Amino acid sequence: MTQTPASAIRAAGELRTVFSRLRRRFREVTDVGDLTPSQTSVLSRLAKNGPATATELAAAERVRPQSMTAILVAIEQHGYLERTPDPHDGRRQLISLSEAGVELVVGTRREREEWIAQALATDFTEPERQTILAALALLDRLAEK
């Protein structure tokens, strides 16, 4: 068994810390009410991938189906979801964003992107922004693992 390099251990810790701080800042920048990170993740997934069943969402979010049910109920109480019969299997329901859900996701995404773009433009040099872009490509590769 090979030993994990010290640089990998350090990078893992710092990466976790930075993402936690960025997640907090994103939540500060936009008002998502009392939605939890799990709930906003489901909304984002539906916006990106389109309608899905509760089972598919649970698998994609890596939570138990019972947990996904609770997440969906909470989101529905805000009026952000719609359910329609699955045209291929009448026993299942497809979950999608309601008009209010689309407006929430699009609005918060725009606010967050505007905040980060402005911060990158004012607080970072062009070479630093290029370094961030290169690092993001590597992080994307990490996310595919």
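The structure we're discussing is the one just above.
Presented here is a report on the structure given in the accompanying data block. (Residues numbered from 1 in each chain as written. Predicted model: local features only at pLDDT ≥ 70, side-chain atom pairs only at ≥ 80, totals over all residues. Heavy atoms only, no water.)

A look at the overall build of the chain
Along the backbone of the chain there are six helices and two strands. Relative to the 2.2 N^0.38 estimate, which gives 15 Å for 145 residues, the radius of gyration of the chain is 18 Å and therefore markedly larger than a compact globule would have. Projecting the C-alpha coordinates of the chain onto the three principal axes gives extents of approximately 50 × 45 × 25 Å. When burial is assessed residue by residue, the chain has 24% of its 145 residues classed as buried. Considering only residue pairs separated by 6 or more positions, the chain has 50% of its internal contacts joining residues 24 or more positions apart. When the accessible surface of the chain is totalled, it reaches about 10,500 Å², and 55% of it is carbon and sulfur. Of the side-chain charges in the chain, 20 are positive and 20 negative, and the distance between the mean point of each set is 8 Å. (Helix = DSSP H or I, 4+ residues; strand = E, 2+ residues; numbered from the N terminus. Rg over C-alpha atoms; globule rule 2.2 N^0.38 Å. Buried < 20%, exposed > 50% of the residue type's maximum accessible area, 1.4 Å probe, protein only. Contact = heavy atoms within 4.5 Å. Areas by Shrake-Rupley, 256 points an atom, 1.4 Å probe, with all protein chains shown as cover. Lys, Arg positive; Asp, Glu negative; His and termini not counted. Charge placed at Lys NZ, Arg CZ, Asp CG, Glu CD.)

Thoughts on the pattern of salt bridges
For the structure on display, the rule yields eight salt bridges. Each of the salt bridges in this network shares a partner with another, and the network as a whole consists of D86, D89, R91 and R92. (Salt bridge = Lys/Arg side-chain N within 4 Å of Asp/Glu carboxyl O.)

Focus on the packing of aromatic side chains
Going through the model one piece at a time under the given rule, you end up with one aromatic pair. A centroid spacing of 5.7 Å and a plane angle of 85 degrees characterise the contact between F26 and W115, whose relative ring orientation is edge-to-face. On the criterion of sequence distance, the pair formed by F26 in helix 1 (residues 6-29) and W115 in helix 5 (residues 99-123) is long-range, its members being 89 residues apart. Relative accessible area serves as the criterion here: at 23%, F26 is assigned to the partly exposed category. On the accessibility criterion, W115 (23% relative accessible area) is partly exposed. (Phe/Tyr/Trp six-rings, centres within 6.5 Å; stacked < 30°, edge-to-face > 60°.)

Thoughts on the packing of helix 1 against helix 5
Contact geometry of helix 1 with helix 5 gives a least axis separation of 9 Å together with a crossing angle of 115 degrees. Here helix 1 runs over helix 5; the crossing is right-handed. Of the residues in helix 5, those touching helix 1 at L22, R25, F26, R27 and V29 are E111, R112, W115 and I116. Taken together, the residues of the contact of helix 1 with helix 5 break down into five nonpolar, no polar and four charged. (Axes fitted to C-alpha atoms, helices over the stretch in contact; angles between N-to-C directions. Left-handed = near helix turned anticlockwise from the far one by under 90°. Nonpolar A, V, L, I, M, F, W, Y, C, P; charged D, E, K, R; others polar.)

Some remarks on unusual backbone geometry
A positive phi angle, close to 60 degrees, is found at R62, a residue other than glycine. With respect to the helices and strands, R62 occurs in the loop between helix 3 (54-61) and helix 4 (65-77).

Re the nonpolar core
By size, the foremost hydrophobic cluster in this structure holds 18 residues, and its most contacted members are V42, L43, L46, L57 and L81. Among the elements of the structure, helix 2 (37-49), helix 3, helix 4, strand 2 (89-97) and helix 5 are those that each provide at least two residues to this core. Residue contributions to this core peak at four residues, all from helix 4. (Core = buried A, V, L, I, M, F, W, Y, C linked by side-chain atoms within 4.5 Å.)

Things to note about the pairing of strand 1 (residues 81-86)
Pairing geometry for strand 1 and strand 2, over six bridges, is antiparallel. Bridged to T84 within strand 2 is L94. Here strand 1 folds back onto strand 2 in antiparallel fashion, the turn holding two residues. (Pairing = 2+ DSSP bridges.)

A few points about the packing of helix 2 against helix 3
Two elements in contact, helix 2 and helix 3, have axes whose closest approach is 11 Å; the angle formed by their N-to-C orientations is 110 degrees. By the angle between their axes, helix 2 is roughly perpendicular relative to helix 3. Here the hand of the crossing between helix 2 and helix 3 comes out right-handed. Contacts between helix 2 and helix 3 involve S41, V42, R45 and L46 on the former and, on the latter, L57, A60 and E61. Residues belonging to the contact of helix 2 with helix 3 are distributed by class as follows: four nonpolar, one polar and two charged. (Parallel < 35°, antiparallel > 145°, perpendicular 65-115°, else oblique.)

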